[in-house]
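# Structure assessment
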Amino acid sequence: MNFEGLDPGLAEYAPAMHSALDPVLDAHLNPSLLQNVELDPEGVALEALPVQESVHIMEGVYSELHSVVAEVGVPVSVSHFDLHEEMLWVGSHGGHATSFFGPTLERYSSFQVNGSDDIRQIQSLENGILFLTKNNLKYMARGGLIIFDYLLDESEDMHSLLLTDSSTLLIGGLQNHILEIDLNTVQETQKYAVETPGVTIMRQTNRFFFCGHTSGKVSLRDLRTFKVEHEFDAFSGSLSDFDVHGNLLATCGFSSRLTGLACDRFLKVYDLRMMRAITPLQVHVDPAFLRFIPTYTSRLAIISQSGQCQFCEPTGLANPADIFHVNPVGPLLMTFDVSASKQALAFGDSEGCVHLWTDSPEPSFNPYSRETEFALPCLVDSLPPLDWSQDLLPLSLIPVPLTADTLLSDWPAANSAPAPRRAPPVDAEILRTMKKVGFIGYAPNPRTRLRNQVTIKYSKLGLEDFDFKHYNKTLFAGLEPHIPNAYCNCMIQVLYFLEPVRCLIQNHLCQKEFCLACELGFLFHMLDLSRGDPCQGSNFLRAFRTIPEASALGLILADSDEASGKGNLARLIQRWNRFILTQLHQDLQELEVPQAYRGAGGSSFCSSGDSVIGQLFSCEMENCSLCRCGSETVRASSTLLFTLSYPEDKTGKNCDFAQVLKRSICLEQNTQAWCDNCEKYQPTIQTRNIRHLPDILVINCEVNSLKEADFWRMQAEVAFKMAIKKHSGEISKNKEFALADWKELGSPEGMLMCPSIEELKNVWLPFSIQMKMTKNKGLDVCNWTDGDEMQWGPARAEEEHGVYVYDLMATVVHILDSRTGGSLVAHIKVGETYHQRKEVSEGVTHQQWYLFNDFLIEPIDKHEAVQFDMNWKVPAILYYIKRNLNSKYNLNIKNPIEANVLLAEASLARKQRKTHTTFIPLMLNEMPQVGDLVGLDAEFVTLNEEEAELRSDGTKSTIKPSQMSVARITCVRGQGPNEGIPFIDDYISTQEQVVDYLTQYSGIKPGDLDAKISSKHLTTLKSTYLKLRFLIDIGVKFVGHGLQKDFRVINLMVPKDQVLDTVYLFHMPRKRMISLRFLAWYFLDLKIQGETHDSIEDARTALQLYRKYLELSKNGTEPESFHKVLKGLYEKGRKMDWKVPEPEGQTSPKSAAVFSSVLAL
């Protein structure tokens, strides 16, 4: 801005504080200064002052670049450079806020914050701006929308705020306390008493909070407790401003004189290392504001209210030559701020003008600013004229008023065909900034688009902070996807919702350490217990990784391959489907058939030597090989699933799914085979005939190339046209649908057989198929609809006619995404028995289709399960089950885990001796009963370190949490004469590599988990898991500290009424969690966890704390008195900084009399 035209007498003009609200301009004000500023009758200007001519800026020297008017005549009360965007914010004495963009100070937004009070401080956050007035804190978006409005007490007089972290705010004022506000909950979380009232300025470093008082003092306070650590009595009158940089504290203020307060020209400077004052700095201006501007040196900028600005070193001498003058429009400068980049200074004066001084022609306010969003310009006035005579004129371009009448474009949904949105092209900014290394390109994310997938926020335990309930409103349990090789989650859900398979697997138990059937049964049990909370298959996947066949088939993905999406998920899940059925068949083949799987008439469910999996899934076949010499060889075989074989022709003729399925089952092909008659390899005709159909028909679709995808797409189009002909009459092949035809389809009469046009698209798969065995060993397959039942009769007469009806139960599909490799989801028809268990109500008979996408579960329409748009949704696996299959069998589950799992067992460790035994197994007369207490604690080791990234703002973001494995599990008796004595103290053997034993926290040392050299009681994870499962099933109550983490890593689902966690028993809302060590010292006068943690010690201490809780709360009948106890606990913790004092003589529960009984036993 050019101020050469200003009247020299302007500097002597001193009007009243708000006299400028009068619309009459003062005679001293040059009219050319406001030639483009319009004054409304209220006297408020809404346009910025223009720069009359170019301004020359000398590099490295601060000079005025621009000046603007925020509000004419209304003093500027505060200015603030935005920390995230290139904007400058100013607030006025009238409660109005204005923002300016960039060094040209273009007006960005302007809105009223408070109707009566002045704005006293502004703080920018990532999503908005905080404004502090006298007794109000308002959080608003940069465009002016209110995010929250927090009203303080009317007696409050607030002057300063300090953002301590991204979600915590301190507010101070003339009262004798400082408030702590949680920005997430918008609630007051703490009120700190202040000995010296009147906190008007607050600063923060990595060591202290600095509070400047109206009395002239500066107090240094502890970052945790807010207690005063040091105090400097800077000025006898009042404090004007102060700033902190490094180890220096500089202050300016007023001193008391006989005539009143006088501005002190000596700056008081303090050394924070020695906590004492150093030589005061004499300046040549009357200091009202000061800021450190550390560029090459620790320069101080001292500003007077008359507009003088002086730069000097805090430990040197001030030079009068370093003074420059700001030319305010008003007589006084009211506010001053420095940008984060130190390239710009902002001044606000008493007449509403803002002055920007910079040290370069094109300054930036922040080192790294994000792009600012601007409002779209109004396009109504720039629209081209429309010619009504054009037939192809889009009527949607014509703006029309809102009306309640039906518009011509309001077509029914059944008659409209929305086109899918094409994938957008790659951002030009990405292509411009891309750097290539070989054939790989790297580019920073411009963040112009949001990813179309759920972002999971990881905590130290992985997913505790994530809101799973938002994505699953049902009572069914999802599966967490962050575990390695969790691509099979959808198939686990399919097997779980097969009622015969679920019951069979949960009745199975064997002695193998890594048995997939056992681990799958444990996982199914957790899915049964869950009420909508997600489960994780970590133990099942751990056993899966140990199977050699899985590795040989390429089913185990490396972390890098899984993250980059290198593997073809559709092929992978189909191979996994074949593998899991074969593996379950082998695991169950040698075991006796459970009683639950005997037929209603007493006949065995399956023959001896076969498994129930074989009976359910196996299809017996005859493979015939006919040589050209006439010799025929017949071999019997069986298969657990079929793979679709597609015809070679591409004529586009109609080909029912039933025909393709029959061709795939009764496969006929020409191949080279050995002929015993010819005694050499000869061309033979291979045919396959069916002898027995399975109860569950499993089909791998094998859509692995464009050829198969085009076949599905073509057949879906043919099926769509045939459906249209069926429901709307004959329409020629090359003729478009007439409007009358569409109206007929959209009529209620047309809706009877065809609900909507959308439901007919991309459908080739039938919901039911009929299969019939012929007398000459042939097989007839056809699509089946509900209307066919009137012709053939009910499906329960299948045995008499040899006709079997199979209903579609599940489809597993591959969702394509070229960036990540896509994902696998399942559509599953959930039966009424599952709804009965989850809804806990009798008489539930409905069935419902659901979408299972890891932890996301939602009900869907049945047509969505069979619609496959091959551009993004490709079928992989189909499951058909015989109609009324579940009614044939008694599907009761008998818990296979018995009490003998708690009895004594041999250790895997070769060097273990009886003298090293740390526990006494339960006797038969000590078996736990329902409601008995059991103290539990577990220790862990790290298998994979946490992967994290450090952001540019210094915050840490977890990319992948550390993978933990349980290393020791301890259970102690909770009642009886042997209370406190452990009956389980198992060290868990692991075959996976341990990267960190966490000895300081777990007490586990290298070698403790190695069977060759360990002297501990070493067992397998499965053995200890069965013990805990028995205790859960029997109904005991577990007492411990932090049991949520323990059960999560062990991979156990425990009902909430069976968990007594001392972390939550001794916890106040919105307060920190308290460690077991501190609780034991405070309530029990015990000092535990001296050098390392010991699970026996921790479990016993948790039991004693629970007894103490019952004593203090009178068995939970006096919550108010217990609340006072907790309040005293937290006060003591803050005083002690939550640290237990160093013991003179270490005492612990080990030295108690109860522990001597363990040694005696």
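Residues numbered from 1 in each chain as written. Predicted model: local features only at pLDDT ≥ 70, side-chain atom pairs only at ≥ 80, totals over all residues. Heavy atoms only, no water.

## Re the pairing of strand β19 (residues 248-257)
For a regular strand, side-chain orientation follows a simple rule: the groups alternate between the two sheet faces. Along β19, seven of the 10 residues are buried, which leaves the element largely enclosed by surrounding structure. With seven bridges joining them, strand β18 (residues 238-245) and β19 adopt antiparallel strand pairing. Looking at the pairing, D241 lines up with C252 of β19. In textbook terms, the turn of a hairpin is the stretch between consecutive antiparallel strands, and for β18 and β19 this stretch comprises two residues, one of which, G246, has a positive phi near 60°. Pairing between β19 and strand β20 (residues 260-263): four bridges, direction antiparallel. Pairing of R257 across the sheet is with G260, part of β20. The hairpin formed by β19 and β20 contains two residues between the paired strands. (Buried < 20%, exposed > 50% of the residue type's maximum accessible area, 1.4 Å probe, protein only. Helix = DSSP H or I, 4+ residues; strand = E, 2+ residues; numbered from the N terminus. Pairing = 2+ DSSP bridges.)

## Here's the deal with the pattern of salt bridges
Tallying each qualifying case throughout the model produces 32 salt bridges. One salt bridge connects E231 with K217, and the closest N-O pair in it is separated by 3.9 Å. Here E231, found in strand β17 (residues 228-233), pairs with K217, found in strand β16 (residues 217-222); they are 14 residues apart in sequence, far enough to count as distant. Where D985 meets R968, a salt bridge forms, and the shortest distance between an N and an O atom there is 2.8 Å. One end of the pair, D985, is in strand β50 (residues 982-988); the other, R968, is in strand β49 (residues 963-973), with 17 residues separating them in the sequence. By relative accessible area, R968 is classed as buried at 5%. Salt bridges linked by common partners bring D82, E85, R142 and R370 together as one network. (Salt bridge = Lys/Arg side-chain N within 4 Å of Asp/Glu carboxyl O.)

## Observations regarding the packing of aromatic side chains
Considering all chains together, one arrives at 47 aromatic pairs under this definition. An angle of 50° between the planes, with centres 4.9 Å apart, marks the rings of F497 and Y834 as tilted. Of this pair, F497 sits in the loop between α2 (489-496) and α3 (499-506) while Y834 sits in helix α16 (residues 832-839), and the two are 337 residues apart along the sequence. Of the two residues, F497 and Y834, both sit in the buried class. Seen from their ring centres, F1078 and W1081 are 5.5 Å apart, and the 50° between their planes marks the pair as tilted. (Phe/Tyr/Trp six-rings, centres within 6.5 Å; stacked < 30°, edge-to-face > 60°.)

## Quick notes on the sheet that holds strand β33 (residues 619-627)
In any sheet, the strands associate via hydrogen bonds between backbone groups, in a parallel or an antiparallel arrangement. Spatial ordering of the open sheet is given by β34-β33-β37-β36, a layout of four strands whose pairing is antiparallel. Bordering the open sheet on either side are β34 (632-639) and β36 (668-675), each of which pairs with just one other strand. With direction set aside, neighbouring strand axes in the sheet form an average angle of 35°. When β36 meets strand β37 (residues 680-692), the two strands line up antiparallel, connected through eight bridges. What sits directly across from W674, in β37, is Y681. (Axes fitted to C-alpha atoms, helices over the stretch in contact; angles between N-to-C directions.)

## Thoughts on the nonpolar core
Formed by 104 residues in total, the largest nonpolar core has its most connected members in Y487, I573, W576, F617, Y879 and F1038. Setting aside residues no more than four positions away along its own chain, F617 makes contact with L498, V501, L581, T639, L640, P694, I696, V698 and Y879. Core analysis: the second largest hydrophobic core is formed by 42 residues, F642, I665, L779 and V813 among them. (Core = buried A, V, L, I, M, F, W, Y, C linked by side-chain atoms within 4.5 Å. Contact = heavy atoms within 4.5 Å.)

## Regarding the state of the cysteines
Under the defined criterion, the tally for this structure stands at zero disulfides. In this model C263 remains outside any disulfide bridge; the closest cysteine sulfur is found in C252, 7.2 Å from its own. Residue C263 is classed as partly exposed on the basis of its relative accessible area, which comes to 26%. The structure places no disulfide on C675, whose sulfur is separated from the nearest cysteine sulfur, that of C627, by 3.7 Å. C675 gets classed as buried once you look at its relative accessible area, which sits at 4%. (Disulfide = S-S within 2.5 Å.)

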